[in-house]
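As a plain string of letters, each chain reads:
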Amino acid sequence: MTTNNARIVPADSRHATTHRDSSPILVICGGLSHEREVSLSSGHRVQGFLRKAGWEVRTHDMDQDLLTYLMDPDTRPGLVWPLLHGAHGEDGSIRDVLEMAGLPYIGSRAKASRTAWNKPIAKNVVRQSGLSTPHSVTLPEEVFRELGAHGMVDLLIQSIGLPLFIKPSKGGSALGCSMVTSPEQLPQALVDCFAYGPVALVEQAVSGTEISVSVMEIGGDLRALPPLEIWTPDGIYNYEARATPGPTKFYVPARLSPQCLADAQEAALTAHRALGLRDISRTDFIVDEDGRPLFLESNVAPGMTATSQLPQSALAAGYELPDLYSSLVESVLNKHRS
Amino acid sequence: MTTANPNTAPTVISNDPWFDSYAHRAESMRASEIRALFAVASRPEVVSLAGGMPYLGRMPFAELSEQLARMLREQGEVAWQYGSAQGDPHLREDVLPIMALEGITDAQPDDVVITNGSQSGLDLITRIMCDPGDVILAEAPNYVGALGVFQSFQVDVVNVTMDADGLIPEAFEEAVQAQRRAGKHVKMLYTVPNFHNPAGVTMSVERRPRILEIARRLHVLIVEDNPYGLLGFDGRTYPALRSMDAQNVVYLSSFSKIIAPGMRVAWMVAPPGIRQKLVLANESAILCPSNMSQMTVTTYLDHFDWQARIEDYRSMYRERRDAMDSALHEYLPTCSWNKPKGGFYTWLKIPKGLDAKAMLPRAITAKVAYVSGTAFYNDGQGADHMRLSFCYPTPERIREGVRRLAGVIDRELDTVSLFDTDEGMDAQQEEQR
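Owing to the predicted nature of the structure, the values given are computational and were not obtained by experimental measurement.

Residue and element names in this part refer to chain A. UniProt marks Glu297 and Asn299 with the feature "binding site: Mg(2+) 2" (unreviewed entry), using the numbering shown here. Tracing the sequence through the fold places Glu297 in strand β13 (residues 293-299). Those residues in contact with Glu297 that lie beyond four places of it in its chain are Lys119, Ala122 and Asp284. Apart from the residues lying within four places of it in its own chain, the contact partners of Asn299 are Glu90, Gly172, Ser281 and Arg282.

All names here are of chain B. Across the sheet, which stays open at both edges, the four strands sit in the order β11-β12-β15-β14 with antiparallel pairing between neighbours. Here the strands that pair on one side only, and so sit at the sheet edges, are β11 (336-337) and β14 (371-372). Bridge count between β11 and strand β12 (residues 345-349): two bridges; the pairing is antiparallel. When the bridges of β12 are listed, Ser336 appears paired with Lys349.

Once that is clear, we can look at unusual backbone geometry. Excluding glycine, residues mostly carry a negative phi; peptide bonds, for their part, are mostly trans. Cis geometry marks the peptide bond from Leu162 of chain A to Pro163 of chain A, where omega comes out at 0 degrees. Tracing the chain through its elements places Pro163 of chain A in the loop between α7 (149-160) and β5 (164-168). Here the amide bond leading from Ala140 of chain B into Pro141 of chain B is cis, since omega sits at 0 degrees, within 30 degrees of zero. Among the structural elements, Pro141 of chain B can be located in the loop between β4 (135-140) and α5 (144-152). Although it is not a glycine, Phe195 of chain B sits at a positive phi angle of roughly 50 degrees. Structurally, Phe195 of chain B is set in the loop between β7 (186-191) and α7 (207-218).

Take the interface of chain A and chain B next. If you look at the interface, chain A gives 44 residues, while chain B gives 36 residues. Going through the elements one at a time, α1 (36-52), α6 (141-147), α8 (186-194), α9 (239-243), β11 (249-252), α11 (309-316) and α12 (321-337) of chain A are the ones with two or more residues in the side of chain A that touches chain B. The element best represented in the side of chain A that touches chain B is α8 of chain A, accounting for six residues. Its residues assigned to classes, the side of chain A that touches chain B shows 24 nonpolar, 10 polar and 10 charged. For β11 of chain A and strand β1 (residues 11-13) of chain B, the ladder comprises three bridges, and the chain directions are antiparallel. Counted as the bridge partner of Phe250 of chain A is Ile13 of chain B from β1 of chain B.

To continue, consider the environment of Val265 of chain B. Residues and elements named next belong to chain B. When you line up the elements, Val265 lands in the loop between β9 (249-254) and β10 (266-269). Taking the C-alpha atoms as reference points, Val265 and Gly117, 148 residues apart in sequence, are found 4.8 Å from one another. Once you skip the residues sitting within four places of it in the chain, Val265 turns out to touch Ile114, Phe255, Pro289, Ser293, Gln294 and Val297.

On to the domain arrangement of chain A, then. Accessible area lost upon the coming together of the parts serves often as the stated size of an interface. Residues and elements named next belong to chain A. Once the domains are mapped, chain A shows domain 1 (13-113), domain 2 (136-204) and domain 3 (207-327). Using C-alpha coordinates to define each centre, domain 1 is positioned 23 Å away from domain 3. Each partner contributes to the interface: domain 1 provides 23 residues, whereas domain 3 provides 19 residues. Within the residue set of the side of domain 1 that touches domain 3, elements represented by two or more residues are α1 and α4 (110-117). At eight residues, α1 tops the list of elements feeding residues into the side of domain 1 that touches domain 3. For the side of domain 1 that touches domain 3, the per-class residue count stands at 11 nonpolar, seven polar and five charged.

Another aspect to go through is the nonpolar core. Ranked by internal contacts, the top residues of the largest apolar core, which has 218 residues, are Phe285 of chain A together with Leu137 and Ala369 of chain B. With nine residues, the top contributor of residues to this core is helix α13 (residues 395-419) of chain B.

Definitions and cut-offs
- Residues numbered from 1 in each chain as written.
- Chains lettered and ligands numbered in written order.
- Predicted model: local features only at pLDDT ≥ 70, side-chain atom pairs only at ≥ 80, totals over all residues.
- UniProt positions renumbered as here; feature names shortened; annotations may be inferred.
- Helix = DSSP H or I, 4+ residues; strand = E, 2+ residues; numbered from the N terminus.
- Contact = placed C-beta atoms within 7 Å.
- Pairing = 2+ DSSP bridges.
- Nonpolar A, V, L, I, M, F, W, Y, C, P; charged D, E, K, R; others polar.
- Domains from an automatic or database assignment.
- Core = buried A, V, L, I, M, F, W, Y, C linked by C-beta atoms within 7 Å.
- Buried ≥ 20, exposed ≤ 12 C-beta atoms within 10 Å, placed from the backbone.

Here you go:
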């Protein structure tokens, strides 16, 4: 009797794991923030693409086992990609931990992350480097309590004008964000915002084209990907619009003049450098009627889910995600080795 | 590496090229902030008073694994094979003594259909009974899983008022008449008569025949969903509606709460005509329930004292209900709640002006989770309530969770009163009622 020992072979050999000659990459995702679900999705997608590119990649939650995992010689990774969104992921904490552990990682250092994570501070920093940003004020809930909420609400409307945006000063995925178009909406928008954090950023809502520009280290150079324009049926890009595939449309590059596109890419690089960011970032802008990109915020751990802007921008620009992410890994490893 | 595309003509990316092709019934299937927040609830740092997971820590898994290994050795080819769309005859026999505990003594194995959990049973009965625009009457608040099924079949769910004795018969009759006057086709009444999810109340014994009489007279099918009936804390069971009427009631029960939910095994009992269509619908949906799961259940029922296990569950859940009640008295005396006599849930009314849905991010930050009352209504009501589950956390964790929740409510009250949004909230809730 003969035995056929042939095993099933993947149709696309790129799916086969071809362990490269280095320690595994660890993607840290999950965490305890409000953006846990987005982070898990980002992390698992990056893991999949890097595996396709031939890397050995593991994922780990930010939990009580993580330190042991990082320090144990049997599991210690060769490189870490922190893909935690929200607090502890983007506020620099996990990056401080990785530096203390002596591990190379992809992305910005702790101090720069902390600056970018705090939207009001980030706005000030990029303003000093010559970029424009919508007029805003930053108010903790306590200020409303001490000075009286009614008077403060009136003053806000008088000062910022309507429409305006209310956002938690720290946070992502548009959680806790509201657009306010009439005075009576403002108190509830503030209550909803303070449910996510103690400080509100109240920002003038500028009419224009909402875009994001992703910046990545590609082939050893820092490059701005083509600006991505966000279009939603009702003009509101909230959590639901971000996480539900379908109704939201992206245009890459954005439907702007070549000069505006170039200005937006330059502005993203300026913001990236001004904030001291490293390797990868995504900066959100509103391009006003005069074609000026107005800085809204920069993200040090941009979303990498199936509906996220950075990967969509890269795909539309003709990049293959396994290659692109692999190039970033190579670049960071090379810098670390040198 | 592939280089960037030099072509600058915009590419339109919709993220989902099939978006325009979906059926209308898929429109409500969208991501939400609330769902995203629940991703954190599974972390051990968070005291989750949200999910209705039974506590399985006392199951005799070591002994069970021996019996299951034997079952696989002796009947593996059956367990891993296709089976009957109606379900394993052995299991359909086994459910009869379980139903007898709640007075159903006239059912035959042929009346029984095994389903993939009662959720699948709800899907099947709605699938065969309801067209888009038909009306299902249901208690308000209503089991969120049933609302999801009804919504997916584009059925109009009309709320029927409940009180401490469960569904109010007069309200049921009035609702049927009002819908018929409006030209609507009322297809069924959906009820969870025992230890209701989320309200925790039980339909009184006196009301049961009255509800049945109205349903018979007005020709409205009753769908009786009874997952918790054997989990009364004083050991008492209530006569199932199906025990008093075999022709006008479709009965659903499940092993999820009295054994474990992981097998996804439940059953339905229906009059012959409906039963036949349920079997065909089951076959169409899933071909057959999993033999492996069904035989796991029969192995458990045949080799273990399942009644003693239920007794143990009752005692454990009673202790947890008491822990919840005591913690609420201590930390949240400004709220009001029921003290359920069985089941898994406490239905908490929060202080005036608070919105349980809007408050959830603050709760997640404080590492405690609950389900906002809005999940249990189809019309935006319920923001003034939350469902607190006491089934899974230990009494100590329940107490800690309620302590954290009290802090969340205090802080939210501070913020809401600061901005005077409580008055607007009250007006909104009144309008929705």
